[in-house]
Amino acid sequence: MEHIAAHHGAEEDALMTDPGERLRNSLTAGQPAGVEFESPIAAEAMRATRVLHAADQEPFPAPGRIRVITIANQKGGVGKTTSTVNLGVALGIYGLRTLVIDLDPQGNTSTALGVEHTVGTPSIYDVLVGDSTITEVAAATTASPNLRCVPATIDLAGAEIELVSVVAREHRLRRAIEAYLSALPPEQRPHYVLIDCPPSLGLLTLNALVAGDEVLIPIQCEYYALEGLGQLLSNIDLVRQHLNPGISVSTILLTMYDGRTKLADQVADEVRNHFGDLVLSTLIPRNVRVSEAPGYGQSVLTYDPGSRGSTSYVEAARELAQRGARLAPLAAPQPQRTAAPPVAAMILGEPATSPGFPGPVPR
């Protein structure tokens, strides 16, 4: 009888065990959770546990050097802001110091990260047009202590006009980032700087391309997303030749993938055939939770950590980090090439005589 009572007591203890603890133990052991975890709800709970307890897991590997990544695509609605936010949060919660710079006047990145960006808030506008530093305007986020955000306000909409007559206008952001990094001790410098661009090829995007070392291009898995991509790549080549010799397209991220349609597979295959290893193996699916999260001032990782969208962005960030770990440190800063003023005007499509740079612009 004592043996039976002890047996029942052990069963009761097992039943009283925290389900989250049991999930964490199964994940730690690297073994399948078993029959009781094979339902869709249990699978989602497992995914949520991975994200919610990211601090207890192995952190993402640190990059070989600070990565300044410009996330650009002149087409709107392809997932630039969503990818910037969720990749930034994923990198942050998995142990990598990350700075997100919102360069879109709409301020959607700031909204999704819960950072104040009303009129009058110190923002990236004050850095580009005024004398503020990134240190002064960067704000902490609630998503992770490793993640900071430089907000954008509606004032940024007028920055392109105000910068027209400024000397070296296309280098303003690069110089601000370099000053920010040099002012920090090495152990506090971010591993990643992610720059979210507006859906255009104007002066703000040009500043981001000059500031970055790499370009990440989100591509929606639909036909129209491929149109205009050639113009973006052409402008990146112009920037590389005349303004920023170190810039390159390092990553392609396929977003809004709908596995129910043959079109999504065709677009994904076409992009992979053209760009090869630049394309991340992780696909970002269409997921309503990804769209809902900004309405609550959150990323999808904090809004619904068990969703497919959250899992996909974590895996994309992991892949990004693993690629970064293979990068070799820069031996020495590359010499800054002085650009002929008409080149910037040509990229921006300005008239033959630019107010900032008098003289004919070659076409």
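Note that the coordinates shown come from a computational prediction; the quantities given were computed from them, not determined experimentally. (Residues numbered from 1 in each chain as written. Predicted model: local features only at pLDDT ≥ 70, side-chain atom pairs only at ≥ 80, totals over all residues. Heavy atoms only, no water.)

**Quick look at the overall build of the chain**
Part 1 of the argument: Across its full length, the chain holds 16 helices and 7 strands.
Part 2 of the argument: Among the 363 residues that make up the chain, the fraction classed as buried is 48%.
Part 3 of the argument: Put simply, 77% of the contacts in the chain that link residues at least 6 apart link residues at least 24 apart. (Helix = DSSP H or I, 4+ residues; strand = E, 2+ residues; numbered from the N terminus. Buried < 20%, exposed > 50% of the residue type's maximum accessible area, 1.4 Å probe, protein only. Contact = heavy atoms within 4.5 Å.)

**Quick word on the pairing of strand 7 (residues 248–255)**
Part 1 of the argument: In terms of residue burial, strand 7 counts as a mostly covered element, since 7 of its 8 residues are buried.
Part 2 of the argument: Summarising the sheet, strand 6 (residues 214–220) and strand 7 pair through 7 bridges and their orientation is parallel. Across the sheet, isoleucine 219 pairs through a bridge with leucine 254, a residue of strand 7.
Part 3 of the argument: One crossover worth recording links strand 6 to the parallel strand 7 by way of helix 11 (residues 229–242), and it is right-handed. (Pairing = 2+ DSSP bridges. Right-handed = clockwise from strand over helix to strand, strands pointing away.)

**Side note on the pattern of salt bridges**
Part 1 of the argument: Applying the stated rule across the entire model yields 9 salt bridges.
Part 2 of the argument: A salt bridge links arginine 174 to glutamate 178, with the nearest nitrogen and oxygen atoms 3.2 Å apart. Of this pair, arginine 174 and glutamate 178 are both found in helix 9 (residues 172–183), 4 residues apart, which corresponds to roughly one turn of the helix.
Part 3 of the argument: Among the salt bridges present, the one from aspartate 304 reaches arginine 289, with a minimum N-O distance of 3.0 Å. Of the two residues, aspartate 304 is situated in the loop between helix 14 (300–303) and helix 15 (308–325) and arginine 289 in helix 13 (residues 288–292); the sequence distance between them amounts to 15 residues.
Part 4 of the argument: Given the relative accessible area of 33%, arginine 289 is considered partly exposed.
Part 5 of the argument: When salt bridges that share partners are traced, they join Arg289, Glu292 and Asp304 into one network. (Salt bridge = Lys/Arg side-chain N within 4 Å of Asp/Glu carboxyl O.)

**Some thoughts on the environment of alanine 268**
Part 1 of the argument: By secondary structure assignment, the location of alanine 268 is in helix 12 (residues 262–275).
Part 2 of the argument: In sequence terms alanine 268 and leucine 254 are 14 residues apart; their C-alpha atoms lie 7.1 Å from each other.

**Notes on the environment of asparagine 235**
Part 1 of the argument: Its location among the elements puts asparagine 235 in helix 11.
Part 2 of the argument: Taking C-alpha positions, asparagine 235 is 8.5 Å from leucine 201, a pair spaced 34 residues apart along the chain.

**Things to note about the environment of glutamine 298**
Part 1 of the argument: Along the chain, the position of glutamine 298 falls in the loop between helix 13 and helix 14.
Part 2 of the argument: Taking the C-alpha atoms as reference points, glutamine 298 and valine 85, 213 residues apart in sequence, are found 8.9 Å from one another.
Part 3 of the argument: Those residues in contact with glutamine 298, other than ones at most four positions away along the chain, are Ala112, Ala293 and Tyr303.

**Considerations on the sheet that holds strand 6**
Part 1 of the argument: The strand order 3-4-2-5-1-6-7 describes an open sheet built from 7 strands, whose pairing is mixed. What marks the edges here is a single partner per strand, and that holds for strand 3 (139–140) and strand 7.
Part 2 of the argument: Against the sheet, helix 4 (residues 80–93) contacts strand 1 (67–71), strand 2 (98–102), strand 4 (147–150), strand 5 (192–196), strand 6 and strand 7, and its axis sits at roughly 165° relative to strand 5.
Part 3 of the argument: Together, strand 1, strand 5 and strand 6 form the strand contacts of helix 10 (residues 203–211), whose direction differs from that of strand 1 by roughly 155°. (Axes fitted to C-alpha atoms, helices over the stretch in contact; angles between N-to-C directions.)

**Re the nonpolar core**
When a protein is soluble and globular, its nonpolar side chains tend to lie buried together.
Part 1 of the argument: Core analysis: the biggest nonpolar cluster contains 56 residues, and Ile101, Ile124, Ile134, Ile177, Ile195 and Ile219 have the highest contact counts within it.
Part 2 of the argument: The leading source of residues in this core is helix 10, at 7 residues.
Part 3 of the argument: In this structure, isoleucine 101 is in contact with Ile124, Ile134, Val150, Leu173, Ile177, Val193, Leu194, Ile195 and Asp196, ignoring residues within four places of it in sequence.
Part 4 of the argument: Grouped together as the second largest cluster of nonpolar side chains are 33 residues, Ile71, Val89, Ala112 and Leu194 included. (Core = buried A, V, L, I, M, F, W, Y, C linked by side-chain atoms within 4.5 Å.)

**Comments concerning the side chain of threonine 255**
Part 1 of the argument: Within the secondary structure, threonine 255 sits in strand 7.
Part 2 of the argument: Residue threonine 255 is classed as buried on the basis of its relative accessible area of 2%.
Part 3 of the argument: At 2.6 Å, the side chain of threonine 255 forms a polar contact with the backbone oxygen of valine 78.
Part 4 of the argument: Those residues in contact with threonine 255, other than ones at most four positions away along the chain, are Val78, Ser83, Pro218, Ile219, Gln220, Cys221 and Ile284. (Polar contact = N/O pair within 3.5 Å; in protein donor to acceptor, adjacent residues only side chain to side chain.)

**What to know about helix 11**
Part 1 of the argument: In this model, helix 11 (14 residues) spans 20 Å end to end at C-alpha, consistent with the 20 Å of a helix rising 1.5 Å per residue.
Part 2 of the argument: Buried residues of helix 11: Leu229, Leu232, Asn235, Ile236, Leu238 and Val239, and no others. (Expected span 1.5 Å × (residues − 1).)

**Things to note about the packing of aromatic side chains**
Part 1 of the argument: By the definition in use, this model includes 2 aromatic pairs.
Part 2 of the argument: An angle of 5° between the planes, with centres 4.4 Å apart, marks the rings of phenylalanine 60 and tyrosine 94 as stacked. Of this pair, phenylalanine 60 sits in the loop between helix 3 (40–52) and strand 1 while tyrosine 94 sits in the loop between helix 4 and strand 2, and the two are 34 residues apart along the sequence.
Part 3 of the argument: Residue phenylalanine 60 is classed as buried on the basis of its relative accessible area of 4%.
Part 4 of the argument: For tyrosine 94, a relative accessible area of 3% translates into the label buried. (Phe/Tyr/Trp six-rings, centres within 6.5 Å; stacked < 30°, edge-to-face > 60°.)

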